[in-house]
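# Coordinate inspection notes
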Amino acid sequence: METIHIVTAANNKYAEPLAVMLYSLLKNKTSDMPVKIYIIDSRLTFQNKRKITKAIQPYKSEVKFLKIDSSRYSQLKTSGHLTKETYYRFSIPDILDKTIQKALYLDCDMVVKGDVTDLWNHDLGNNIVGAVENPGLTHRFKDLSIPETSKYFNAGVLLINLKKWREKNMTKHLLHYIKKNHSKIKLCSQDPLNALLHNKWLKIDPAWNYQVFRYSDLKIEPSIIHFTTYKKPWEGYKPNFFEEYFKYAEEAGLN
Ligand SMILES: [Mn+2]
């Protein structure tokens, strides 16, 4: 049977949110499709790795901690809550075995309420990624040379066509773009992804990346709640659906 390959990245500050995200994902998956989890490890302590594996242990998914060569990202721009780990998603096609053709990247600041199998099963066709629109950023299109008719996506949920990404050498192009356009980039990894992939992404239903500060007026039931911006529930803020974070944290034994 096909395996769902989930990739995420965290430093110690995000160990607990990551554990909550993975716990909710596994708990709410109803299909029989196995899940394999890859955690890009940005100097996580032994205790934090243990915390993560213990929280999801009941679901018996395989978990792998992966190191990456972070030096290629060390000179790149960071900004507030957007730390250098934001770039680590660019390494996914390099660090996963070359026989793996598809991966689902998820941020740590999320709660997964739907069956992730339904997200996984989207056919990417010739698109390089599948993602959800991030509305309200059209004023940035000019800087990023994105045509007015295009849409901008949020990079917190990325269904990645690894085969196409590798064929097109996307990582190399992204790093090149960032170095050339340093002053135009505001959202560190998301801007370059949109600049280069604006016509190569599959638009996925907003329920799969419900950005709490963008979609609050839409009457949709989120399949993935994404706690965007610096206003994180675990830092005392109360965005929409913040209770969901604490509900799953408690269930996972993380409080
Ligand atoms: Mn995020």
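Residues numbered from 1 in each chain as written. Predicted model: local features only at pLDDT ≥ 70, side-chain atom pairs only at ≥ 80, totals over all residues. Heavy atoms only, no water.

### Focus: the sheet that holds strand S3 (residues 62-66)
Strand order in the open sheet made by the seven strands is S3-S2-S1-S4-S7-S6-S8, with mixed pairing throughout. Each edge of the open sheet is held by one strand with a lone partner, namely S3 and strand S8 (201-203). Ignoring which end each strand starts from, the neighbouring axes of this sheet average 25° apart. In the sheet, strand S4 (residues 102-106) pairs with strand S7 (residues 153-161) via five bridges, with the strands oriented antiparallel. Residue Leu 106 lies in a different strand from S7, and its bridge partner there is Val 157. Sitting on the sheet, helix H1 (residues 15-27) touches strand S1 (4-10), strand S2 (35-41) and S4, and the angle it makes with S2 is about 170°. Along the sheet, helix H7 (residues 190-197) makes contact with strand S6 (129-133), S7 and S8, crossing S7 at roughly 60°. (Pairing = 2+ DSSP bridges. Helix = DSSP H or I, 4+ residues; strand = E, 2+ residues; numbered from the N terminus. Axes fitted to C-alpha atoms, helices over the stretch in contact; angles between N-to-C directions. Contact = heavy atoms within 4.5 Å.)

### Some details on the coordination of the manganese ion
Coordination of the manganese ion by the protein comes from Asp 107 (OD), Asp 109 (OD), Asp 109 (OD) and His 226 (NE2), over a distance range of 2.2 to 2.5 Å. Spacing between the donor residues of the manganese ion along their common chain follows D-x1-D-x116-H. The class for Asp 109 is buried, based on a relative accessible area of 8%. (Donors = N, O, S within 2.8 Å, 3.2 Å for Na, K, Ca; no water. Buried < 20%, exposed > 50% of the residue type's maximum accessible area, 1.4 Å probe, protein only.)

### Comments concerning the side chain of Arg 166
Inspection of the secondary structure assignment puts Arg 166 in helix H5 (residues 162-167). Buried charge without a partner: Arg 166 forms no salt bridge, and the closest opposite charge is Asp 94, 6.0 Å away. Discounting residues that sit within four places of it in the chain, Arg 166 has contacts with Pro 93, Leu 96, Asp 97, Lys 98 and Ile 100. (Lys, Arg positive; Asp, Glu negative; His and termini not counted. Salt bridge = Lys/Arg side-chain N within 4 Å of Asp/Glu carboxyl O.)

### Here's the deal with the packing of aromatic side chains
Counting across every chain of the model gives 13 aromatic pairs. Look at Tyr 73 and Tyr 87: their rings are 6.0 Å apart centre to centre, the planes differ by 10°, and that puts the pair in the stacked class. Highlighted residues: Tyr 73 in the loop between S3 and helix H3 (92-95) and Tyr 87 in the loop between S3 and H3, separated in sequence by 14 residues. We classify Tyr 87 as buried; its relative accessible area is 0%. Here Phe 242 and Phe 246 contribute two aromatic rings whose centre-to-centre distance is 6.4 Å and whose plane-to-plane angle is 75°, an arrangement assigned as edge-to-face. You can see Phe 242 and its partner Phe 246 sitting in helix H8 (residues 242-251), four residues apart, about one turn around the helix. Taking relative accessible area as the criterion, Phe 242 reaches 19% and is therefore assigned buried. (Phe/Tyr/Trp six-rings, centres within 6.5 Å; stacked < 30°, edge-to-face > 60°.)

### Brief notes about the sheet that holds strand S10 (residues 224-226)
Pairing is mixed in the open sheet, where three strands are placed in the order S5-S10-S9. The open sheet terminates on both sides in strands that have one partner only, identified here as strand S5 (110-112) and strand S9 (210-211). Two elements, S5 and S10, share three bridges in a ladder whose sense is antiparallel. Across the sheet, the residue bridging to Val 112 is Ile 224, located in S10.

### Side note on the pairing of S6
With five of its five residues buried, S6 lies for the most part within the structure. The sheet contact formed by S6 and S7 spans four bridges and is antiparallel. When the sheet's bridge partners are listed, Val 129 is paired in S7 with Ile 160. Inspection of the sheet shows S6 paired to S8 by three bridges, in the parallel sense.

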